[in-house]
Every structure is written in structure tokens, then in C-alpha cells.
Amino acid sequence: MTRLSRAICTMLVSATALAAALPASAQSVPNAPTGPVETQYYANGSYATTTTRSAAACDSKGNQCDVFYPSNIASLNARLPLVVWANGTGSTPDNYTNWLKHLASWGFVVVATRDQQTGYGNTVLDSLAYMRAEEANPSSPFYHRIDFAHVGAAGHSQGASGAANAMFHSSGVITTTVTFELPNQNWCNPADNCLLTPTLTGGSGSIFYVSGTADSLIAPDTQSGGTQLNSQTAYYNATPGTMLKAKGLLKGANHNDITGTPGCGVLGFLKACANGVYGYMGFPTAWLAWQLKGDAVAGAAFKSGTGEFFTANAWTGRVSNIP
């Protein structure tokens, strides 16, 4: 996504900083949950969270990693599922702190390289390798606390490609992915900085495609021309039927709403997001709780046509193959 304007990235950071400074009373709560599963996972989980940064580089480009996790991880008598996160173009985990902490509050360990060009997925896999080393290190807080049988990936924009590419190139270690605003292939220069058709159609695992109705430029729901995967619907349709898959759009959300803190502030036409992170907390977290923690009730919410996901007020463009 090297063609994405640096100005957009600058606006994103500025808007996020200003929104964080606004009082909660000045921020609205759009895309609010309406059903029990979405409401449950919309709220923060029961764990207080801690964030740490690797002392040295954790990936092959020399970037450090940020790790979000339950503060009492050392006292837990359990191994926790791992989610590897991939940033959008020009972004770092700092732009997604609200959502990453939300995941950690639900008992996930989340590792995020600070790489700002994650589309290939290689640095995402490097962050996974870093956590393997930490899990084996007796002096690490993650010593014997990571469940590598339950690893997922998630990412935004270019990072949505990076998360999917990481899953498809992980030799089955990463078993599920949530993609936020996966860019259509028109934006891919070079081409393999995106999720390529052969990689997708030859893949395995499960995938939840999430976008917004106001993101018609970068991640449109319907095909924007050509024969490539230039829409969320095209990606969904090309995903093999042997994979569990779902797709949905948050009403009114634009390309950068996942960066909300949790709202967007009042920035007029310069604001980087429209509704804020609110709507991304419920069903994406439920998907990961189902796939990585075995929450069958959360999984039932995605049942094709009849699950809670299909009646939620904040969502449209919904489809799944979940039986």
C-alpha cells in the first residue's frame, strides 16, 4: 500500500491524539451492540492489562515488539491464546492501543511488531517467533504461559494483508484471522504486498472480513472493477468453502475507525475516523474467543442467516458459511 498518501497517515495520528484529549462526555457511542454476545464482548473483559515493549529487535527489520497481556499472567494456572497483530501503512501499535488492550482484557496475549510495512506478513511471523523464545525463557513473564496450539492473527489495512499472509504462511500454526479493511488489490504495489489470489485460494484456517460502509475507496464491499480481488465480497467469495468464513460491514465506519480512542473527537472534515473503535470490540472479539478459546455461544452468533450477527443493528453486508 505504498500508494496510500502519507498525508492520510499524518491525519490519522493527529486525529487520534486530539480525540484522546477530549472528555468522554464529548464523544458519542455509535455502532453500539444490540444482542447478548456482541454486548458481552463489546465490554472489556475481567483482566487488568499490562503493556511491555521488547528490549531489543523482535523482527527481521530491526523493529521492537509491543505485548499486551493480562497483568496477573504469572499467577494464572493456564496458558493463554496468542494473537499476532499487523499494523496498517505508516502505523504502529500506538494507533490501535484501545483495541489491543481490549483483547488482552479478555485473556489473550497480543504481540504487535512496530513495523509500519507489514503486508508481506514476514515480520508478523517474526513476532510469533519472538513469543516462542519468550515462552521458553524462565526470566520472561510469558514463560510457560502461551498456548501455541491456539494462535490467531488480526490486522488493519496493509496489516490485514499481513495478518492473512502470516496465517497462510505459518504452516498451520495460525488458525484464524480477522481482517479490518483489507485493501483491494488495486492498491498493491508491489503486488505481493497484498493478499494474493493464489495465496488465498490455496489456504486453510478461518477468516472474518470486517470493513465499513464508508470505506468505499480502499476496502469496498462490492467489486470496484477488474478481475482482481477488488472488494470484500470478492475476497469472501474467493475464500475456499472448506474454510470457515464470515464478512460484515459496520454502518458508517470508514477506513480508520479501528484507531478510535475509543471515539474520534470533533475534527470536522479532517477527522481520521468517523465512529471510533466501538463497533469493532464486540463481534471481532467474539470471533477470536470462539476460534481460540472454544466459546461455542460466541460461535453460534455467526451461524449463517440466523445467528445474532445477522440481526445486529450496527452491521450490514453480512454473510457466513457457518453451519
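Digging into the nonpolar core
Move 1: Trp99, Phe208 and Phe302 are the most contacted members of the largest nonpolar core, which totals 42 residues.
Move 2: Of all the elements in the fold, those that place two or more residues in this core are helix H2 (36-42), strand S3 (80-86), helix H3 (97-105), strand S4 (109-113), strand S6 (174-180), strand S7 (206-212), strand S8 (244-250) and helix H8 (278-293).
Move 3: It is H8 that provides the largest number of residues to this core, a total of 9 residues.
Move 4: Among all residues touching Phe302, those that are not within four sequence positions of it are Phe208, Ala246, Phe283, Ala286, Trp287, Trp290, Phe309, Phe310, Ser320 and Ile322.
Move 5: In this structure, Ala164, Leu182, Leu195 and Ala234 belong to the second largest nonpolar core, which totals 38 residues.

Quick look at the packing of aromatic side chains
Here a ring pair, both rings aromatic, is described through the centre-centre distance and the interplanar angle of the planes.
Move 1: Under the counting rule described, the total for this entry stands at 21 aromatic pairs.
Move 2: Taking the centre distance of 5.3 Å and the plane angle of 75° together, the rings of Phe208 and Phe302 count as edge-to-face. Taken together, the residues span a long stretch of sequence, with Phe208 in strand S7 and Phe302 in the loop between helix H9 (296-300) and strand S9 (315-320) at a distance of 94 residues.
Move 3: With relative accessibility at 0%, the residue Phe208 sits in the buried group.

Considering the state of the cysteines
Move 1: In the structure shown here, the tally under the stated rule is 3 disulfides.
Move 2: Each sulfur in the disulfide pair Cys264 and Cys273 lies 2.0 Å from the other. An S-S torsion of about -120° defines the bridge between Cys264 and Cys273 as left-handed. As far as the burial class goes, Cys264 and Cys273 line up, both buried.
Move 3: Numbered by order of appearance in the sequence, the disulfide-linked cysteines of the protein pair as 1-2, 3-4, 5-6.

Considering H8
Move 1: For H8, built from 16 residues, the straight-helix expectation of 22 Å at 1.5 Å per residue is met to within 8% by its first-to-last C-alpha distance of 22 Å.
Move 2: Of all 16 residues that make up H8, 15 are buried, and the element is covered over most of its length.
Move 3: Gly294, located one to two residues past H8, shows a positive phi value of around 75°.

Observations concerning unusual backbone geometry
Move 1: Here Asn189 and Pro190 are connected by a cis peptide whose omega angle stands at 5°.
Move 2: By the secondary structure assignment, Pro190 is in the loop between S6 and helix H6 (197-201).
Move 3: For the bond from Thr261 to Pro262, the omega torsion is 0°, close enough to zero to count as cis.
Move 4: Structurally, Pro262 is set in the loop between S8 and H8.
Move 5: Its identity as a non-glycine residue notwithstanding, Asn31 has a phi of 55°, on the positive side.
Move 6: Taking relative accessible area as the criterion, Asn31 reaches 10% and is therefore assigned buried.
Move 7: Phi is positive for Ser157, close to 60°, though the residue is something other than glycine.
Move 8: The topology assignment puts Ser157 in the loop between strand S5 (146-156) and helix H5 (158-168).
Move 9: Owing to a relative accessible area of 2%, Ser157 belongs among the buried residues under this scheme.

Quick word on the side chain of Thr285
Move 1: Note on placement: Thr285 falls in helix H8.
Move 2: Take Thr285: its relative accessible area is 0%, and that puts it in the buried class.
Move 3: Not counting the four nearest positions on each side in its chain, Thr285 is found in contact with Tyr41, Trp99, His102, Leu103, Trp106 and Tyr280.

Side note on the sheet that holds S6
Move 1: Spatial strand order, S1-S2-S4-S3-S5-S6-S7-S8-S9: 9 strands in an open sheet with mixed pairing. Each edge of the sheet is formed by a strand with only one pairing partner; in this case those strands are strand S1 (49-53) and S9. Neighbour-to-neighbour, the strand axes of this sheet turn through a mean angle of 15°, independent of strand direction.
Move 2: Pairing analysis gives 5 bridges linking S1 to strand S2 (residues 65-70), with the strands arranged antiparallel. In the sheet register, Thr50 faces S2, and the bridge partner there is Tyr69.
Move 3: Across the sheet, H3 lies against S1, S2, S3, S4, S5 and S6, angled at about 40° from S2, the strand it touches most.

Scoring rules and cut-offs
- Residues numbered from 1 in each chain as written.
- Predicted model: local features only at pLDDT ≥ 70, side-chain atom pairs only at ≥ 80, totals over all residues.
- Heavy atoms only, no water.
- Core = buried A, V, L, I, M, F, W, Y, C linked by side-chain atoms within 4.5 Å.
- Buried < 20%, exposed > 50% of the residue type's maximum accessible area, 1.4 Å probe, protein only.
- Helix = DSSP H or I, 4+ residues; strand = E, 2+ residues; numbered from the N terminus.
- Contact = heavy atoms within 4.5 Å.
- Phe/Tyr/Trp six-rings, centres within 6.5 Å; stacked < 30°, edge-to-face > 60°.
- Disulfide = S-S within 2.5 Å.
- Expected span 1.5 Å × (residues − 1).
- Pairing = 2+ DSSP bridges.
- Axes fitted to C-alpha atoms, helices over the stretch in contact; angles between N-to-C directions.

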